[in-house]
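# Survey of secondary and tertiary structure
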Amino acid sequence: MAPGAARRARRRPRRVSPAGARPRAAEDWWWERLAPSGSGFHLLQSDSMLLVLPGPGPARARVQRRNARRAQRLPLPGPRAPAAWPEAEPEAQRGPDPGWGDRIPMEILVQIFGVLVAAEGPVPFLGRAARVCRRWHEAASQPELWHTVTLAPPVAGRPAKGGAKAEKKFLASLERFMPHRFSQLQSLTLLHWKCQVQAVLKLASEFCPRLTFLKLSDCHGVAPDTLVMLSKACPQLHSLDLQHSTVESAAVVSFLEEVGSRMHRLWLTYSSQTTAILGTLLGSCPQLRVLEVGTGISCSTTPLQLPVEALQKGCPQLQVLRLLNLAWLPKPAGRGTALGPGFPGLQELCLASSTYNFVSNEVLGRLLHGSPGLRLLDLRGCARITPAGLYHLPCQELEQLYLGLYGLSDRLTLAKEGSALLTQKWYRTLRELDLSGQGFSEKDLEQALAAFRGSHLVLCSLNLRGTRVTAGTISSVISSCPGLAYLNLESCRCLPRGLKRAYRGQEEVQRCLEQLLTSPPSPS
């Protein structure tokens, strides 16, 4: 026999796949390689991962379907095919694979849902998750996930007929799931309810015993007995937000009288009835922490008379006072009347306004003479306040100071000196400073901002829009404040072209410094 033939005879014949047999899939190869039969492990496949878990695990759905098809396959006609290789016995039939979501313990699933709810809120996530399967529906229905809820009709803003029909339909849904999910609800917000707000508040009084915060925005038709009923059914309710809603003053007065000393926070929109509400507030809510009164779209031309001394006596625990875009003036104290006790715990005072106001140094002194711990002072639009009046305030650790004049500086005679008094007093603690639109001179601003030299690490926001600050002063401030993350230089007439804009982020502020150092000086 020739050598070549002998070699071919000694070769091992290749294994030929049986006729009609299907090639082995990659999934079967991984399954047998990573979790062979009898090893005590099984594979769990999800959308983007393959896990090896201990235990026998459920039977593979793909293997079951393949074995069922092979059992039903009829023999092919013609000559008999070669005998197939022996196959392993099929695994025990354990039913269809329920999926990895059903294997997660209920406690872990609720914790996962809780993380998502904390980031995005319970609506609409929990409603969508409840439609996945029965187990997810059970997890999404746990009351501990429904702490904060915002409810609004789905067709808000449409014609009255369509809105009323949508509110009734939504109310029927609330009647079904509120008894099972809202038992631990703490914060409830109702938006754009025109017809059924009474029914929703009645449901809340029945099924939300732990409610602490209620907000009604653009809601109409709230009766006095509804708020009183809610305050009695929810003994922990201490915060009420009624801004931009139509609520009778009698309803608010009755609510404040019923809640009494447990009232902590109150938001109102100014109207002709605000004076009566404030009168009740002074005598019934000594534990009030936050009071905010703002204006709606249609501003009232009648200024609000604020009894400053009576407010200090009636609400000594006040920490936040906001009178936003509101024309107000302090109630005359009378001759020989001593100053009130002040607000010892006041941390934020906001009197920002875009219209005329009556806030002066004397009024500000009456408000803050007993507030040494003030941290935020917002006086935007208060053109009568001077740096000398601010310098004599008892606040020693002010962190945020806003003195911007937006759209008002053209019609006013502004002070050109005194900005240095502000920075000399608070340069150690100031994090945000707004001098937009002020008329301080170049030299005065240079002296004021020179107080931040010496590696000042606290200042992070500086608004100099429309001022006469110079390039050298800005370069010095940026070099001394490496933490500066916001710088507004819009409409600064003394700066070179191309630099008059707002810079957001530390990288942009540093690029501004490089441009200032390389650009030619601006012509005077």
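The sections below set out a description of the structure shown in this document.

Calculation rules
Each chain carries its own residue numbering, running from 1 in the direction its sequence is written. In keeping with the model being predicted, local features are shown solely for residues with a pLDDT of at least 70 and side-chain atom pairs are shown and tallied solely at 80 or more, while totals for entire chains, interfaces and linings include all residues. Only hydrogens and water are removed before side-chain values are computed, so all heavy atoms of the structure are retained for them. Helix and strand definitions follow DSSP, with helices as H or I runs of at least four residues and strands as E runs of at least two, each counted in order from the N terminus. When accessible area is computed with a 1.4 Å probe and restricted to protein chains, residues below 20% of their type maximum are described as buried, those above 50% as exposed, and intermediate ones as partly exposed. The contact criterion used is simple: two residues touch if any of their non-hydrogen atoms lie within 4.5 Å. Computed with the Shrake-Rupley method and a 1.4 Å probe, the accessible areas treat only the protein chains shown as cover for residues. Here the aromatic set is Phe, Tyr and Trp, taking the six-membered ring for Trp, and pairing holds for ring centres within 6.5 Å; pairs whose planes are under 30 degrees apart are stacked, those over 60 apart are edge-to-face, and all others are tilted. Whether a charge sits over a ring depends on NZ of Lys or CZ of Arg being within 6 Å of the ring centre and within 35 degrees of the ring normal. Like-charged residues within 9 Å of one another, or nonpolar side chains (Val, Leu, Ile, Met, Phe, Trp, Tyr) within 5 Å, are grouped into patches, provided each residue has over 30% relative accessible area and no salt bridge. Any Lys or Arg side-chain nitrogen located within 4 Å of an Asp or Glu carboxyl oxygen qualifies as a salt bridge. By the criterion applied in these results, polar contacts are pairs of N or O atoms within 3.5 Å in which, for protein atoms, one can donate a hydrogen and the other can accept it, and in which residues neighboring in sequence qualify only through two side-chain atoms. Axes here refer to lines fitted to C-alpha atoms; in helices the fit is confined to the stretch in contact. Angles between the N-to-C directions go from 0 to 180 degrees. Each angle is binned into one of four classes, with values under 35 degrees roughly parallel, values over 145 roughly antiparallel, values of 65 to 115 roughly perpendicular, and all other values oblique. For this scheme, ten residues count as nonpolar: Ala, Val, Leu, Ile, Met, Phe, Trp, Tyr, Cys and Pro. Four count as charged, namely Asp, Glu, Lys and Arg, and the remainder, Gly too, count as polar. Being paired, for any two strands, means DSSP has found at least two bridges between them. Under the convention used here, Asp and Glu are negative, Lys and Arg are positive, and both His and the chain ends fall outside the count. The disulfide criterion is simple: two cysteine sulfur atoms within 2.5 Å.

## Topic: the overall build of the protein
Secondary structure summary: the protein contains 19 helices and 20 strands in total. Sorting the 524 residues of the protein into buried and exposed places 42% on the buried side. If you take every contact in the protein between residues at least 6 apart in sequence, the share linking residues at least 24 apart comes to 74%. Put simply, the protein shows about 29,000 Å² of open surface, and 53% of that area lies on carbon and sulfur atoms.

## Some words on the packing of aromatic side chains
Summed over the entire model, instances satisfying the criterion amount to seven aromatic pairs. Seen from their ring centres, Phe113 and Phe125 are 5.4 Å apart, and the 90° between their planes marks the pair as edge-to-face. Of this pair, Phe113 sits in helix α5 (residues 106-120) while Phe125 sits in helix α6 (residues 125-129); the two residues are twelve residues apart in sequence, bridging distant segments of the chain. With centroids separated by 5.8 Å and ring planes inclined at 45°, the aromatic side chains of Trp146 and Phe182 adopt a geometry described as tilted. Of this pair, Trp146 sits in the loop between α7 (134-140) and β3 (148-151) while Phe182 sits in the loop between α8 (160-181) and β4 (187-191), and the two are 36 residues apart along the sequence. For the pair Trp146 and Phe182, one class covers both residues: buried. Over the face of the ring belonging to Tyr402 we find Arg380, whose NZ or CZ atom lies 5.4 Å from the ring centre.

## A look at the environment of Leu216
You can see Leu216 is positioned in strand β5 (residues 213-217). A sequence separation of 27 residues divides Leu216 from Gln243, and the C-alpha atoms of the two residues are 7.1 Å apart. Setting aside its immediate chain neighbours within four residues, Leu216 contacts Leu190, Leu201, Val222, Asp241, Leu242, Gln243 and Ser245.

## A look at a nonpolar patch on the surface
Taken together, Ile108, Ile112 and Leu116 make up a surface patch of nonpolar side chains, about 230 Å² in accessible area. With respect to the element layout, Ile108 can be found in helix α5. Judged by relative accessible area, which is 40%, Ile108 ranks as partly exposed.

## Some thoughts on the side chain of Gln243
Relative to the helices and strands, Gln243 is located in the loop between β7 (239-241) and β8 (246-247). The class for Gln243 is buried, based on a relative accessible area of 16%. Engagement of the side chain of Gln243 in a polar contact is seen with the side chain of Glu292, the distance being 3.1 Å.

## Remarks on the packing of helix α11 (residues 249-259) against helix α12 (residues 274-284)
Remark: α11 packs on α12, axes separated minimally by 9 Å, with the N-to-C direction vectors making an angle of 5°. On the basis of their axis angle, the class for α11 and α12 is roughly parallel. Judged by residue contacts, Ser249, Val252, Val253, Leu256 and Glu257 of α11 engage Ala276, Ile277, Thr280, Leu281 and Ser284 from α12. Taken together, the residues of the contact of α11 with α12 break down into six nonpolar, three polar and one charged.

## What about the pairing of strand β12 (residues 320-323)?
In regular strands, side chains alternate between the two faces of the sheet. Alignment of strand β10 (residues 290-294) against β12, held across four bridges, turns out to be parallel. By the bridge assignment, Val290 is partnered in β12 with Val320. Bridge count between β12 and strand β14 (residues 348-350): three bridges; the pairing is parallel. From the neighbouring strand, Val320 faces β14, where its bridge partner is Glu348.

## Here we look at the pattern of salt bridges
Pairs can form between side chains of opposite charge once their charged atoms are near each other. Applying the stated criterion across every chain, the model contains twelve salt bridges. In this structure, Arg322 engages Glu292 in a salt bridge whose closest nitrogen and oxygen atoms are separated by 2.9 Å. You can see Arg322 sitting in strand β12 and its partner Glu292 sitting in strand β10, a full 30 residues away along the chain. Residues joined in a network through salt bridges with shared partners are Arg375, Glu397, Glu399 and Arg431.

## Comments concerning the side chain of Glu167
Assignment of secondary structure puts Glu167 in helix α8. The buried charged residue Glu167 lacks any salt bridge partner; its closest oppositely charged side chain belongs to Lys194, at an N-O distance of 7.2 Å. In contact with Glu167, other than residues within four places in its own chain, are Pro153, His192, Trp193, Lys194, Cys195 and Gln196.

## Re the state of the cysteines
Across all of its chains, the model carries zero disulfides by this definition. Left unpaired, Cys494 is separated from the closest cysteine sulfur, that of Cys492, by 8.2 Å.

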